[in-house]
Amino acid sequence: MSEVSSARTEDPDLARARDGDDAAFTRLVEPLRRELHAHCYRMLGSTHDADDALQDALLRAWRGLARFEGRSSLRSWLYTVATHTCLDTAERRGRRAMPVDLGPAGEHAMVGEAPLTDVAWLGPYPDAGLAEGPAAPDARYEQREAVELAFVAALQHLPGNQRAALLLFEVLGFSAAEIATTMETSVASVNSALQRARRIVAEKVPSRSQQRTLRKVGDARLREIVAGYSSALESGDADTLVALLTEDVTWSMPPLTHWYHGLAAVTDFAVRVPLTGCPGWRNLPTSANGQPTVASYLRHDDLGGYLPWALNVLTLRGDRICEITSFIGPDHFVPFGLPASLPLRERDT
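Note that the coordinates shown come from a computational prediction; the quantities given were computed from them, not determined experimentally.

## Digging into the overall build of the chain
- Each helix and strand in the chain was counted, giving 13 helices and seven strands.
- In terms of C-alpha radius of gyration, the chain reaches 22 Å, essentially the compact-globule figure of 20 Å for 349 residues.
- On the principal axes, the C-alpha backbone points of the chain span a range of 65 × 40 × 40 Å.
- By residue count, 52% of the 349 residues in the chain fall in the buried class.
- A sequence separation of at least 24 residues applies to 65% of the contacts in the chain between residues at least 6 apart.
- Total accessible area on the chain stands at roughly 16,300 Å², and carbon and sulfur atoms take up 52% of it.
- Across the chain, the mean location of the 36 positive side-chain charges is 4 Å away from that of the 45 negative side-chain charges.

## Re helix 3 (residues 33-44)
- Over its twelve residues, helix 3 extends 16 Å from the first C-alpha to the last, a length consistent with the 16 Å expected when each residue adds 1.5 Å.
- Counting buried positions over the twelve residues of helix 3 gives ten, a clear majority of the element.
- Inspection of helix 3 places Glu35, Leu36, His37, Ala38, His39, Cys40, Tyr41, Arg42, Met43 and Leu44 among the buried residues, and these make up the whole buried set.
- On the buried face of helix 3, the contacting elements are helix 4 (47-63), helix 5 (74-93), helix 6 (149-155) and helix 7 (160-171).
- After helix 3 finishes, the residue Gly45 shows a positive phi value of roughly 70°.

## What about the confidence of the model for the chain?
- Taken as a whole, the chain shows an average pLDDT of 93; of its residues, 97% reach a score of 70 or greater.
- Across residues 1-8 the pLDDT falls below 50, and counting only partners more than four positions away or on other chains, this stretch makes 20 contacts in the model.

## Let's talk about the side chain of Thr83
- As for its position among the elements, Thr83 is in helix 5.
- Sequence-distant contacts of Thr83, defined by excluding residues within four places in its chain, comprise His39, Met43, Ala164, Leu168 and Met183.

## Concerning the environment of Leu58
- Mapping Leu58 onto the fold places it in helix 4.
- A sequence separation of 20 residues divides Leu58 from Leu78, and the C-alpha atoms of the two residues are 7.8 Å apart.
- Other than its neighbours up to four places away in sequence, Leu58 contacts Phe25, Val29 and Arg33.

## Some details on the packing of aromatic side chains
- Considering all chains together, one arrives at nine aromatic pairs under this definition.
- Between Tyr260 and Phe269 the ring centres are 4.9 Å apart and the planes differ by 20°, which places this aromatic pair in the stacked class. Exposure class is identical for Tyr260 and Phe269. Each is buried.
- Cluster of aromatic residues (ring-pair linked, three or more members): Tyr229, Trp251, Tyr260 and Phe269.

## Looking at the pattern of salt bridges
- Under the criterion given, the structure shown has 23 salt bridges.
- For Asp248, the salt bridge identified is with Arg317, shortest N-O distance 3.1 Å. Of the two residues, Asp248 sits in strand 1 (residues 245-252) while Arg317 sits in strand 5 (residues 305-317), which places them 69 residues apart along the sequence.
- The class of Asp248 is partly exposed, set by a relative accessible area of 31%.
- Residue Arg317 is classed as partly exposed on the basis of its relative accessible area of 44%.
- Arg345 serves as the salt-bridge partner of Asp348, at 3.2 Å between the closest nitrogen and oxygen. The pair Asp348 / Arg345 is uniform in exposure class, with both members buried.
- Residues joined by salt bridges that share partners form a network here, namely Glu234, Arg299, Asp301, Arg345, Arg347 and Asp348.

Procedures and definitions
- Residues numbered from 1 in each chain as written.
- Predicted model: local features only at pLDDT ≥ 70, side-chain atom pairs only at ≥ 80, totals over all residues.
- Heavy atoms only, no water.
- Helix = DSSP H or I, 4+ residues; strand = E, 2+ residues; numbered from the N terminus.
- Rg over C-alpha atoms; globule rule 2.2 N^0.38 Å.
- Buried < 20%, exposed > 50% of the residue type's maximum accessible area, 1.4 Å probe, protein only.
- Contact = heavy atoms within 4.5 Å.
- Areas by Shrake-Rupley, 256 points an atom, 1.4 Å probe, with all protein chains shown as cover.
- Lys, Arg positive; Asp, Glu negative; His and termini not counted.
- Charge placed at Lys NZ, Arg CZ, Asp CG, Glu CD.
- Expected span 1.5 Å × (residues − 1).
- pLDDT = per-residue confidence, 0-100.
- Phe/Tyr/Trp six-rings, centres within 6.5 Å; stacked < 30°, edge-to-face > 60°.
- Salt bridge = Lys/Arg side-chain N within 4 Å of Asp/Glu carboxyl O.

Structural data, given as structure tokens:
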């Protein structure tokens, strides 16, 4: 990245902010807020934790702005502050998990399973504000690639220093020397951390990203897949749903620990639970983690409508769904700006 500030071109708001003008500080950081938030999510695997970490990081930056000497860009310095804030948070809270991390797949549907609340679960990310393409010319990953579920889940298996080094180098385009300064370590240590992190990520992340897959599938076919999945849930049509799935499809539902692998097990679960065991669905298309997503609302006749139930993030291989991750809970809907409820339709009454 190698961004160097010059006193001759310093933003006037920076001087004002150093003098205590909080409005000037807000103007400085506002253009960077979204990308910093995404960085915090990649580090922590939770939108809620990213909210808290970014707020804490900006408060630290505001209080420590007098120490910013302009040797690097303000953006680089803010990433340094945010990274250290996230490392502190990760040390306190540990890594985020997915059901696949906790045990083998189930062969038959588990009905009435209680959520496991003492596990810190990986959560979905609203990607509407992320830009296309890489964050810097030297970055290996596109910004949306770097929030895909497989990538963020793989990051959770890395120690904090390796996670930070990989993100700063591969996603944000920092040099090893810049990362060494940020992490207060040596370039050799950074290169060693990068080597170990790359090996673990390569073992867990498919070689073809979802962004590449989605571009090849095309918008028209993608809309068909999302519409077909939504329609199958709403009508209880197992045949339509199965036709959209790969033979080795998986379905997981954090915070439930049971997950299913293979068409037979997934079909058994789908038929017994969402397609016939629930009172009815309405669905809205959205996008999470750079992937097509269906927001599912469960029918509640006593309340006269449909209430948020799960965000179903779809992972594709070719033009079939190879993974469904249903993030259960109404709290997930809020960051996406989704409705708090949907009304009954004429055909529901």
